[in-house]
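An overview of the molecular structure
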Amino acid sequence: MSNNTIFDDVFRTMLQKMPQMAIPLINEVFGKDYPENIKLKQGRNEFYTKDGKVITDSHFQIEEKIYHLECQSTKDATMIFRMIEYDFAVALESVGRENETSRIYFPHSCVLYLRDTQRPEEMKLELLMTDGESEEYKVPVIYQQRYTKEIFFQKRLFFLLPFYIMRYEKAKKELEKNQEKLQEMLEEYRSIEKCLEEEFLYHDREKEYRDMVELIIRIADYILRDS
């Protein structure tokens, strides 16, 4: 049975309809400087393990490197184990051999947390080998709620905009009672809309604009559904 959430669906819709918007996110996480129009080759996102199907949120290739992104809306102590399982499945797609030694190439992976802001900058897992040696598996983490809307536009992290409303999730009752706070939120979204118009409509990118607004509204309707 699928345990996908609306956040997973929006995340994957973004990658399907607007994959180039993931480029600035990759640049931010991994310190790259890829142009937004660079060729991006999407990989298959379904892998099978002994326990059944494993579905990765996204993995794709830019130049010679493979990247893997996962979207997480809640705390999950098992996330690091899921990540290494996903990464191993992705790595088996790129097996190499040199001087009688076989190699697999792990992707550059990242977890995007939508709600949490207090966790470390990376997740770690120590791999203990039978010869006593150990290797450390690391996955960087990015927290969308640590970014202001100004930084979203400055760094062109449009990919994160649909989830921006989630920072108001715990303040819903206050917004209902406090008209001043409500108006501040509405003004913030008017400014976001204006920036999106300048970025997309003014550059003949109407479809991307409409797709983005649709996803922003979808998440907002869900977060504010009982308000």
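Scope of this entry: the structure provided in the associated data block. (Residues numbered from 1 in each chain as written. Predicted model: local features only at pLDDT ≥ 70, side-chain atom pairs only at ≥ 80, totals over all residues. Heavy atoms only, no water.)

1. Observations concerning the overall build of the protein
If you tally the helices and strands in the protein, you get seven helices and ten strands. Counting only C-alpha atoms, the protein reaches 70 × 40 × 35 Å along its principal axes. In the protein, the share of contacts with a sequence separation of at least 24, taken over all contacts with a separation of at least 6, comes to 58%. As displayed, the protein has an accessible area near 13500 Å², and 48% of this comes from carbon and sulfur atoms. Averaged over its 34 positive side-chain charges, the protein has a centre that lies 2 Å from the centre of its 44 negative ones. (Helix = DSSP H or I, 4+ residues; strand = E, 2+ residues; numbered from the N terminus. Contact = heavy atoms within 4.5 Å. Areas by Shrake-Rupley, 256 points an atom, 1.4 Å probe, with all protein chains shown as cover. Lys, Arg positive; Asp, Glu negative; His and termini not counted. Charge placed at Lys NZ, Arg CZ, Asp CG, Glu CD.)

2. Notes on the packing of aromatic side chains
As enumerated under the stated definition, the model contains 13 aromatic pairs in all. Centre to centre, the rings of F106 and Y137 are 6.1 Å apart; their planes meet at 75°, and the pair counts as edge-to-face. One end of the pair, F106, is in the loop between β7 (101-104) and β8 (108-113); the other, Y137, is in strand β10 (residues 134-143), with 31 residues separating them in the sequence. Among the aromatic side chains, those forming a connected cluster through ring pairs are F30, Y34, F60 and Y67. For the cation-ring pair, R225 lies above Y222, with the distance from its terminal atom to the ring centre recorded as 4.2 Å. (Phe/Tyr/Trp six-rings, centres within 6.5 Å; stacked < 30°, edge-to-face > 60°. Lys NZ or Arg CZ within 6 Å of the ring centre and 35° of its normal.)

3. Some points on the pairing of β8
In terms of burial, β8 is largely enclosed, as five of its six residues are buried. Pairing geometry for strand β5 (residues 65-72) and β8, over six bridges, is parallel. The residue of β8 that forms the bridge with Q72 is Y113. (Buried < 20%, exposed > 50% of the residue type's maximum accessible area, 1.4 Å probe, protein only. Pairing = 2+ DSSP bridges.)

4. A short note on the nonpolar core
By size, the foremost hydrophobic cluster in this structure holds 50 residues, and its most contacted members are F60, F159, L161, I165, L196 and I219. For this core, the secondary structure elements donating two or more residues are α1 (6-17), α2 (22-30), β4 (58-62), β5, β8, α4 (149-154), α6 (179-199) and α7 (206-223). Take this core: its biggest share by element is seven residues, from α7. Residues contacting F159, with those up to four places away along its chain left out, are F11, M14, L15, M21, A22 and L25. In this structure, I80, M123, V139 and Y143 belong to the second largest nonpolar core, which totals twelve residues. (Core = buried A, V, L, I, M, F, W, Y, C linked by side-chain atoms within 4.5 Å.)

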